[in-house]
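An overview of the molecular structure
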Amino acid sequence: MANPKYAEAERPIPQPTEAGQLSDGTKIMVRAPRQRACGLKDEKGKLCAGHLKRWYFFGEEIKRLYGENAEIYRCENCKSIYLPNPDETPRSGTLAY
Ligand SMILES: [Zn+2]
């Protein structure tokens, strides 16, 4: 008898999309929905898996790109910048286009 229990694992995991780079080479990523851990891989293909934390101390370059009150996350491990996923409801409520 086939066991359908494992079929669920075949679903693709949402991946973050690359949104560019800062002038110092820091990667800017857009979070996949509900993503909480960094999905970047190092040169050896090892998953970073660092925790994505809300980051408030970003510099002028990010302010220029995304505004002073931007919702920015940063990987604890590799320091890559993560932007919130546009499909998720922002928590700040200060979205102004
Ligand atoms: Zn990372």
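These numbers were taken from a predicted model, which means no experiment stands behind them.

**Digging into the coordination of the zinc ion**
For the zinc ion, the full set of protein donor atoms is Cys 38 (SG), Cys 48 (SG), Cys 75 (SG) and Cys 78 (SG), and the range of their distances to it is 2.2 to 2.3 Å. In primary-sequence terms, the residues that donate to the zinc ion follow C-x9-C-x26-C-x2-C. One end of the pair, Cys 48, is in the loop between β2 (27-30) and β3 (52-54); the other, Cys 75, is in strand β4 (residues 73-75), with 27 residues separating them in the sequence. For the pair shown, Cys 48 and Cys 75 are each scored as buried.

**What about the side chain of Thr 26?**
Residue placement: Thr 26 occurs in the loop between β1 (17-21) and β2. Residue class for Thr 26 comes out buried when judged on its relative accessible area of 18%. Within the structure, Thr 26 has its side chain in polar contact with the side chain of Asp 24 (distance 2.7 Å). Leaving out residues up to four positions away in the same chain, Thr 26 has contacts with Gly 20, Gln 21, Lys 79, Ser 80 and Ile 81.

**Side note on the sheet that holds strand β5 (residues 81-83)**
Sheet architecture is open: 5 strands sit in the order β1-β2-β5-β4-β3, paired in mixed fashion. Two strands in the sheet have a free side with no partner beyond their single neighbour: β1 and β3. Averaged over all neighbouring strand pairs, the angle between strand axes comes to 35 degrees, with direction disregarded. Where β1 lies against β2, 4 bridges are found, and the strand directions are antiparallel. Looking at β2, one finds that Thr 17 is bridged to Val 30.

**Focus on the packing of aromatic side chains**
Applying the stated criterion across every chain yields a total of 1 aromatic pair. Each ring, one from Trp 55 and one from Phe 58, has its centre 6.3 Å from the other, and the planes form 65 degrees; the classification is edge-to-face. The two residues Trp 55 and Phe 58 agree in class, both being buried. Over the aromatic face of Tyr 73 sits the side chain of Arg 31, whose NZ or CZ is 4.4 Å from the ring centroid.

**Here we look at unusual backbone geometry**
Here Ala 49, not a glycine, exhibits a phi torsion of approximately 60 degrees, which is positive. Locating Ala 49 in the fold gives a position in the loop between β2 and β3. Judged by its relative accessible area of 47%, Ala 49 is partly exposed.

Conventions used here
- Residues numbered from 1 in each chain as written.
- Predicted model: local features only at pLDDT ≥ 70, side-chain atom pairs only at ≥ 80, totals over all residues.
- Heavy atoms only, no water.
- Donors = N, O, S within 2.8 Å, 3.2 Å for Na, K, Ca; no water.
- Helix = DSSP H or I, 4+ residues; strand = E, 2+ residues; numbered from the N terminus.
- Buried < 20%, exposed > 50% of the residue type's maximum accessible area, 1.4 Å probe, protein only.
- Polar contact = N/O pair within 3.5 Å; in protein donor to acceptor, adjacent residues only side chain to side chain.
- Contact = heavy atoms within 4.5 Å.
- Pairing = 2+ DSSP bridges.
- Axes fitted to C-alpha atoms, helices over the stretch in contact; angles between N-to-C directions.
- Phe/Tyr/Trp six-rings, centres within 6.5 Å; stacked < 30°, edge-to-face > 60°.
- Lys NZ or Arg CZ within 6 Å of the ring centre and 35° of its normal.

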